Amino acid sequence: MKYISTRGQAPELGFNDVLLTGLARDGGLYVPLDLPHFSADDIRAFRGMRYQDVALRVMTPFVCPDIAEDDLSEIITKAYGTFRHKAIVPLSQSDSNHWILELFHGPTLAFKDVALQLLGHLFDHILTKQGRKVTIVGATSGDTGSAAIECIKDRACAEIFMLHPKGRVSDVQRRQMTTVLSPNVHNLAVDGNFDDCQAMVKALFNDLAFRDEITLSAVNSINWARVMAQIVYYFTSAVALGAPDREVSYSVPTGNFGDIYAGYMAQKMGLPIRQLIVATNRNDILTRVLTSGDYTVGNVSPTISPSMDIQVSSNFERLLHNLYDGQGDEVRRLMDGLTSSGSFTIDGPELNKAKQIFDAIQVSEGDTEATIKAVFAQTGQLIDPHTAVGVRAAELKNTDPATPMITLSTAHPAKFPDAVEKVTGQHPALPAHMADLFERPEKYDLLDHDLGALKSYIRENL
Ligand SMILES: *Cc1c(COP(=O)(O)O)cnc(C)c1O
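Small disclaimer: the values here were computed from a predicted structure and weren't measured.

S.K.: Sorry if this is basic, but what is going on with the site of the ligand here?
M.R.: Taken together, 15 residues are adjacent to the ligand, and K112, D143, G255, N256 and T410 come closest. Contacts to the ligand include K112, whose side-chain N or O atom sits 2.5 Å from an oxygen atom. D259 places a polar main-chain atom, nitrogen or oxygen, 3.0 Å from an oxygen atom of the ligand. Using a 2 Å cut-off from the grid points, one finds that the ligand occupies the largest cavity. A class-by-class count of the residues in the shell around the ligand yields five nonpolar, seven polar and three charged.

What follows is the structure, given as structure tokens:
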């Protein structure tokens, strides 16, 4: 598989280079030149298969010829060996025809483990073979950080620097990062919000000299391999509910547009998906752009679903690439507009195309709380606030009750215990392997919202 940049001015790369590079050198994101296609028979053959076996079939076309199928198989086995549920991502039922896809059985209790556990082993495989080492710098609104640290800690192939907005991630989220004491892990609490952190990381990538100096790499949601890993669970869950002989719909709590974009990729690869619902909290830039075409960056407003408190949604650029039929100059024009004026507009055929692919809705804080409460009352199940945003969006936007609706459950309720306890009176317990999280010592440094300070910190700590 060959990959091209959404902005059309970076070299075409194979999978290994795309994995290690993260952001393209023209500022764009890498996307596959053409997608593999799975026929109805191919999909039918997934019935009854283990998650790992479907993963191998879905991902092989994306990594070949760079990674041999046998090696990929081994990588997948190791990656999902850390999950605490045999089905890896089990489905549970929350209403007559509404299902919850539990993506939180990995080491850090959020869906990001599904992709990042795999990425850690992919990095190891490639870098060990090449005898190289990379520096990973990332920004996190909470869950990416711990999942990335968990995938890189103690590996000889990489050093990781993780920026989080000081005081804006939950205690559980912070401690999952800062209690990892491995010498190759560096946590930084930045004076600013998530978008500030993300902008600093983007600026590092655009500083080509510094980028080469430290062999910069990323495991952020801009990394194509994460999207690739997330495509798999759309296939496994749809097949469990009758695909390809029955359509299914998805509601996806969305921030950086990575998870929902993976669903769109699955649909393009042949999976019969009826609706793809983009569920946002009151930071609703995605709902705005997908309903009115207006992508204007506003101020981030803190919510009880903090992993979606995002205004600049990195993976949206990949959708622009699809909407504009791969015209890199169009994507570049829009993204330049975003940099210079904080907004762009899509209209005409492109907006109509986007509306045909996605339904989008913003869910209020009150509705999110009411949904956590209602699901508990009706099923006895505790769901986290991000999942609740998805569940509520599904209820509001579902156009066909006969089609199974699957809401992606992106975090374990114990990751956001305060919000859950407030409305249900139940304190969601951390799983046993994390029960002592609040007794473990923490290690992190404070950093000003300043690019120069970040660069010096990295140089000093490498
Ligand atoms: C990251 C995250 C999201 C948003 O996922 P995107 O791929 O950025 O859209 C939703 N919920 C939780 C719990 C997350 O950690």
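Text resumes after the structure shown.
S.K.: What's the story with the sheet that holds strand β14 (residues 405-409) in this structure? I'm lost.
M.R.: For sheets, the rule is that strands pair by backbone hydrogen bonds, running either parallel or antiparallel. Strand order in the open sheet formed by six strands is β3-β4-β14-β9-β10-β13, with mixed pairing between adjacent strands. Of all the strands in the sheet, just β3 (91-95) and β13 (358-362) have a single pairing partner and so form its edges. Here the strands of the sheet are splayed against their neighbours by 25° on average, with no regard to which way each runs. The pairing of strand β10 (residues 273-280) with β13 spans five bridges and is classified as parallel. Each bridged residue has a counterpart across the sheet, and for V278 the counterpart in β13 is A360. Of the strands in this sheet, β10 and β13 touch helix α12 (residues 285-292), which is tilted by about 135° from β13.

S.K.: Looking at this structure, I do not really get unusual backbone geometry. What am I missing?
M.R.: The bulk of non-glycine residues show a negative phi, and the bulk of peptide bonds are trans. That bond from C64 to P65 is cis: its omega, 5°, falls within 30 degrees of zero. Tracing the backbone through its elements, the reader meets P65 in the loop between α3 (51-63) and α4 (69-80). Cis geometry marks the peptide bond from A243 to P244; its omega dihedral reads 5°. As for its placement among the helices and strands, P244 is situated in the loop between α10 (224-240) and β9 (248-253). Residue T215 is not a glycine yet carries a positive backbone phi of 45°. With respect to the helices and strands, T215 occurs in the loop between α9 (208-213) and β8 (216-217). For D325, which is not glycine, the phi dihedral falls at a positive 50°. Summarising the element assignment, D325 is placed in the loop between α13 (316-323) and α14 (328-341). Accessibility expressed as a relative area gives 62% for D325, which makes it exposed.

S.K.: I keep staring at the state of the cysteines and nothing clicks. Help me out?
M.R.: Two cysteines joined by a covalent bond between their sulfur atoms form a disulfide. Under the counting rule described, the total for this entry stands at zero disulfides. Its sulfur unpaired, C157 is 8.8 Å from the next cysteine sulfur, which belongs to C151.

What counts and how
Residues numbered from 1 in each chain as written. Predicted model: local features only at pLDDT ≥ 70, side-chain atom pairs only at ≥ 80, totals over all residues. Heavy atoms only, no water. Near = heavy atom within 4 Å. Polar contact = N/O pair within 3.5 Å; in protein donor to acceptor, adjacent residues only side chain to side chain. 1 Å grid on protein atoms, 1.4 Å probe; cavity = no way out; pocket = protein on both sides within 12 Å on 5 of 7 lines; lining within 4 Å. Sits in = over half its atoms within 2 Å of the grid points. Nonpolar A, V, L, I, M, F, W, Y, C, P; charged D, E, K, R; others polar. Pairing = 2+ DSSP bridges. Helix = DSSP H or I, 4+ residues; strand = E, 2+ residues; numbered from the N terminus. Axes fitted to C-alpha atoms, helices over the stretch in contact; angles between N-to-C directions. Contact = heavy atoms within 4.5 Å. Buried < 20%, exposed > 50% of the residue type's maximum accessible area, 1.4 Å probe, protein only. Disulfide = S-S within 2.5 Å.

Don't take any of this as a statement about function, it's just geometry.
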